[in-house]
Amino acid sequence: MAAPDRVPNRTAAFAALANLLGDRFSRAAGDRGQHGRNESYFPPILPEAVAWPETTAEVSRIIAICAAHALPVTAWAAGTSLEGHALAVEGGLSLDMTRMDKVLEVHPEDMLVVVQPGITREALNAQLRDTGLFFPIDPGANATLGGMAATRASGTTAVRYGTMRDNVLATEAVLADGRVIRTGSRARKSSAGYDLTGLFVGSEGTLGIVTELTLRLHGQPEAISAATCAFHDFARAVETVIATIQMGIPVARIEFLDEDVAAAFNAGSGADMPELPHLMVEFHGTPAGVKEQAERFGEIVAEMGGAHFTWADRPEDRNRLWKMRHGAYHACLGLRPGAMGVVTDICVPISRLAEAVAETRADIAAQGLVGPIIGHVGDGNFHALLLVDPNSPDEVQKAKWVAARMAARAHRLGGTMTGEHGVGMGKRHLMADEHGPAWQVMGAIKAALDPAGILNPGKVVPGPDSDALLRETRA
């Protein structure tokens, strides 16, 4: 929230920005509309203007202008976030980072790369193809690396390669007054002071604008094998995941999908899957290592009563399989044409996963909703896609009730209300329940770095509306 004694001087700010950027500054309705959409259930919220910087120096000058005139700034990239992170809830400027999309340096011997935030993960891996290295974090959508860092994204490969938190070594960031700082280094570890890199990764643009990222790379695996298998009992599928992780089998991906998702894949992608709960797995390594991992996994599946194994060893078959998995959201929308999806996202300790899934399924059934469940269950993270009639306030309220129950369940079981989607505006009202007094500490950090509250206001941290938010969620 902007400081109450500072009224934004929009006229002066927009004039200065237009003078700085020329045709890379716009107040046109079409440009504003493109930066007001989102992938969540929130209605469009348009910024008052859009800017397209191309260098860190330009970002610094833009932020300095906005700070001088108390103008809110919300960073924008691919627009794939699910909790309203990039919506300009207080108007002001949408800072579109997509023109800052260069690979700046590649250091194969150190297995790292330096990139601008606007490059997408697919574009980065295309440029790395000849190095024998790749960046493994795969949230599904072709998101930008800056957006992925801002939300501390993960995805299907996190069980083996970790999340963005584990793979960002350093950043360059512009603070709320226009100062440029660097955090971290190319070294793999450091004991020198506070972990400012970790502070910026996951801050959702509320503490600064990241303009450069140094990322950890991994060797492209020599051999890859993927498979699907079905279970007549969803609990046995989840128990298979737990057993696989506890036995130390180094799966690269292990995904759960319920019978509704299998039906959606059959209808939307022409798959021929039994309409039963499934696991989708992938192994990376040497040919001998992958063979051993697959055999050990197969033994666990057989003990748990799994069947209908389908292997995908050829690249085209694996790509088809994971393309189908990444298209799960749109495939599931086809289960109820015209419906809107309310996407949930919790993560629990692996030992409590079966309990969390079972209770969530019971809540969905009790509310009479269609709610396919899918997730990166190798690290305890799963989602329910609640399909509701957007014109039915009753159904929307039921979906929100289920989502709130899931968050409370995650807290009760020692987990978190969001494993990868982030907080944004959608889960901000739950932050006090998860963090207690630590949420106020986050607010103090925000106030120290952004005292005027111009960076992505209304997200993540407490603000003047926090008490009302908490009353609403507890009503």
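What you are looking at is a predicted structure, and each value in this text was computed from that prediction instead of being measured.

Honestly, the overall build of the chain in this entry has me stumped. Any pointers?
Looking only at helices and strands, the chain features 18 helices and 19 strands. Radius of gyration (C-alpha) of the chain: 23 Å, near the 23 Å computed for a compact globule of 475 residues. Contacts in the chain between residues far apart in sequence, at least 24 positions, make up 72% of those at least 6 positions apart. Summed over all atoms, the accessible surface of the chain reaches about 19500 Å², with 52% contributed by carbon and sulfur.

Looking at this model, I keep getting lost on the pairing of strand E14 (residues 278–285). Mind explaining?
The buried count for E14 comes to eight of eight residues, which makes it a mostly enclosed element. Along E14, one buried face is formed by His 278, Met 280, Glu 282 and His 284 and the opposite face, lined by Leu 279, Val 281, Phe 283 and Gly 285, is buried too. Pairing analysis gives six bridges linking strand E13 (residues 251–257) to E14, with the strands arranged antiparallel. Residue pairing across strands places Glu 255 opposite Met 280, the latter belonging to E14.

Sorry if this is basic, but what is going on with the state of the cysteines here?
Here, the word disulfide means a covalent bond between the sulfur atoms of two cysteines. All told, the structure shown has zero disulfides when counted by the stated rule. Take Cys 229: it sits in no disulfide, and the sulfur closest to it among the cysteines is that of Cys 332, at 18 Å. Look at Cys 229 and you get buried, because its relative accessible area is 0%. You can see Cys 347 has no disulfide; the closest cysteine sulfur is in Cys 332, sitting 20 Å from it. Judged by its relative accessible area of 17%, Cys 347 is buried.

Please explain the pattern of salt bridges as it appears in this structure.
Close approach of charged atoms lets side chains of opposite charge pair. Under the defined criterion, the tally for this structure stands at 31 salt bridges. For Glu 359, the salt bridge is made with Arg 412, and the minimal N-O distance between the two is 2.6 Å. One end of the pair, Glu 359, is in helix H14 (residues 353–366); the other, Arg 412, is in helix H15 (residues 393–412), with 53 residues separating them in the sequence. Of the charged contacts, one joins Lys 446 and Asp 450 as a salt bridge, the two residues approaching to 2.7 Å between their closest N and O atoms.

Could you clarify how one ought to interpret the nonpolar core in this entry?
Soluble globular proteins: nonpolar side chains tend toward being buried together. In terms of nonpolar packing, the biggest core is built from 44 residues, with Phe 256, Leu 279, Phe 283, Phe 297, Leu 353 and Phe 382 touching the most fellow members. Every residue in contact with Leu 353, bar those within four places of it in the chain, is listed here: Val 238, Val 241, Val 348, Val 377, Gly 380 and Phe 382. With 25 residues, the next largest nonpolar core counts Ile 63, Val 174, Ala 176 and Ile 454 among its residues.

Teacher, can you tell me more about the sheet that holds strand E1 (residues 25–26) here?
Strands pair in a sheet through their backbones, by hydrogen bonds, and they do so in one of two ways: parallel or antiparallel. The mixed open sheet is built from four strands, whose spatial order is E1-E2-E4-E3. If you trace the sheet from one side to the other, it starts and ends with E1 and strand E3 (73–76), each paired once. Contacts between helix H3 (residues 56–68) and the sheet are confined to strand E2 (49–51), E3 and strand E4 (93–96), with E4 contributing the most and set at about 170 degrees to the helix.

What is the right way to look at the sheet that holds strand E9 (residues 180–184) in this model?
Overall, antiparallel pairing links the five strands, which are arranged E5-E6-E10-E8-E9 in an open sheet. Edge positions in the sheet fall to strand E5 (103–107) and E9, since each has one partner strand and no second. Taken over all neighbouring pairs, the strand axes of this sheet differ in orientation by 15 degrees on average, direction set aside. Helix-sheet contacts for helix H4 (residues 121–128) involve E5, strand E6 (112–115) and strand E10 (209–216), and the interaxial angle to E5 is about 45 degrees.

I tried to follow the packing of aromatic side chains on my own but got confused; where do I start?
By the definition in use, this model includes five aromatic pairs. When the ring of Phe 134 is compared with that of Tyr 161, the centres are 5.7 Å apart and the planes differ by 85 degrees; the resulting orientation is edge-to-face. With Phe 134 in strand E7 (residues 133–134) and Tyr 161 in helix H6 (residues 158–161), this pair connects stretches of sequence that are 27 residues apart. Per residue, the accessibility class of Phe 134 equals that of Tyr 161, and both read buried. The interplanar angle of 0 degrees and the centroid separation of 5.5 Å between the aromatic rings of Phe 309 and Trp 311 together place this pair among those described as stacked. Since its relative accessible area comes to 31%, Phe 309 is described here as partly exposed. Put simply, the rings of Phe 283, Phe 297, Phe 309 and Trp 311 pair up and form one aromatic cluster. For Arg 253, the ring lying beneath its charged end belongs to Trp 322, and the centroid distance is 4.6 Å. The lysine or arginine in question, Arg 361, covers the ring of Phe 234, its NZ or CZ lying 4.3 Å from the ring centre.

Parameters and conventions
Residues numbered from 1 in each chain as written. Predicted model: local features only at pLDDT ≥ 70, side-chain atom pairs only at ≥ 80, totals over all residues. Heavy atoms only, no water. Helix = DSSP H or I, 4+ residues; strand = E, 2+ residues; numbered from the N terminus. Rg over C-alpha atoms; globule rule 2.2 N^0.38 Å. Contact = heavy atoms within 4.5 Å. Areas by Shrake-Rupley, 256 points an atom, 1.4 Å probe, with all protein chains shown as cover. Buried < 20%, exposed > 50% of the residue type's maximum accessible area, 1.4 Å probe, protein only. Pairing = 2+ DSSP bridges. Disulfide = S-S within 2.5 Å. Salt bridge = Lys/Arg side-chain N within 4 Å of Asp/Glu carboxyl O. Core = buried A, V, L, I, M, F, W, Y, C linked by side-chain atoms within 4.5 Å. Axes fitted to C-alpha atoms, helices over the stretch in contact; angles between N-to-C directions. Phe/Tyr/Trp six-rings, centres within 6.5 Å; stacked < 30°, edge-to-face > 60°. Lys NZ or Arg CZ within 6 Å of the ring centre and 35° of its normal.

By themselves, these are just geometric observations and shouldn't be taken as functional.
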